Amino acid sequence: MLFRNLSLFRFPESTSKTLKKLEKGLETQRLRECGPLEMETRGFVSPFGRDSEALMHQIGEFSLVAIGAEQRLLPSSVVNEALAEKIDAIAAKEGRRPGGKERKRLKEEVISELLPRAFIRPSRLSAYLDGEGGWFVVDSASRKAAEDAVSQVREALGRFPATPMAPEESPRALMTDWLISGKLPAGLVLGDECELRDPAEAGAVVRCRRQDLESDEVREHLKSGKQVFQLGLEFDERISFVLGEDLVVRKLRFLDVVLDQLDRDNMESAQAELDASFALMTLELKNVFERLEEWFGLPRPGDRE
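No experiment lies behind these values; they were computed from the predicted model shown.

### Here's the deal with the pairing of strand S11 (residues 239-244)
Piece 1. The element S11 is largely enclosed, with a buried count of 6 among its 6 residues.
Piece 2. Taken together, the 6 bridges between strand S10 (residues 227-235) and S11 define a ladder with antiparallel strand orientation. Bridging from a neighbouring strand, leucine 231 pairs with leucine 243 of S11.
Piece 3. Between S10 and S11, which follow one another and run antiparallel, lie 3 residues, and aspartate 236 among them has a positive phi close to 55°.
Piece 4. In terms of strand pairing, S11 meets strand S12 (residues 249-254) through 4 bridges, oriented antiparallel. Residue pairing for S12: leucine 243 is matched across the bridge by valine 249.
Piece 5. Connecting S11 to the next strand, S12, in antiparallel fashion are 4 residues, including leucine 247 with a positive phi near 65°.

Structure below.
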């Protein structure tokens, strides 16, 4: 259950008080089955899996939720083929080719005919809310998926003013300085990958993996003016990740010193394992977020008048 990517949002202190209504709000937005003429439905599912009805798991100020979706798979190539057959049939029978408006109507007919027979692809996305720190954490590096998760929680609560990171310090400039100087904040060391870019439009891009980031090769790229857009880092010998200039955390990995605390062999159920994993993960990430806030200047937003 440990997250692999982190898209981060912040919400004001007053919002934390409304989280008491979250569980009730989730019930109104529970995922329902995709109807025969619907392309997609979205809603909340149990973080414990399909065998549980509970829509939230809470430990202290941390609330774990899961957003599910059912999407019908109807490739455009299938629609276009069926549409072409209809058009050919009309041409053969009536000796004419349908115009633009009629083609549009025919396409809608084709979609209505095919949708009930289309396969359904289920998906789920995990996220959690930290009521004390004011963080909304989505297990995705996709901006759209993360913003959709915010919207889903907003529908459940009625109001959820979570906003993306607004750093006071430029992450790109700061990470570039770390790499040039080799001087990183206490507890932080370089990993073995980075992405360097020429900031000019359509400038050169260099991606390094399994690379010594203090090598002469990397330094030459920095001397030529390239800047850090992604940087591999390790925190307190407990967590490794790749941090982007958008402050999205990718390739999150908990190291052995952390994983050894999870005694999975002696856990009685999948629910017990999720409970232990979530407790451990939120505790570790709380430390990371406090440092991100310190390094980049990420104040918790206040309430707007």
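Having seen the model, we can carry on.
### Things to note about the sheet that holds S12
Piece 1. Strand order in the open sheet made by the 5 strands is S9-S8-S10-S11-S12, with antiparallel pairing throughout. Edge positions in the sheet fall to strand S9 (205-208) and S12, since each of these pairs with one other strand and no more. Pairs of neighbouring strands in the sheet enclose a mean axial angle of 15°, with direction left out of account.
Piece 2. Of the strands in this sheet, strand S8 (188-197), S10, S11 and S12 are in contact with helix H9 (residues 270-296), which crosses S11 at around 40°.

Conventions we followed
- Residues numbered from 1 in each chain as written.
- Predicted model: local features only at pLDDT ≥ 70, side-chain atom pairs only at ≥ 80, totals over all residues.
- Heavy atoms only, no water.
- Buried < 20%, exposed > 50% of the residue type's maximum accessible area, 1.4 Å probe, protein only.
- Helix = DSSP H or I, 4+ residues; strand = E, 2+ residues; numbered from the N terminus.
- Pairing = 2+ DSSP bridges.
- Axes fitted to C-alpha atoms, helices over the stretch in contact; angles between N-to-C directions.
- Contact = heavy atoms within 4.5 Å.

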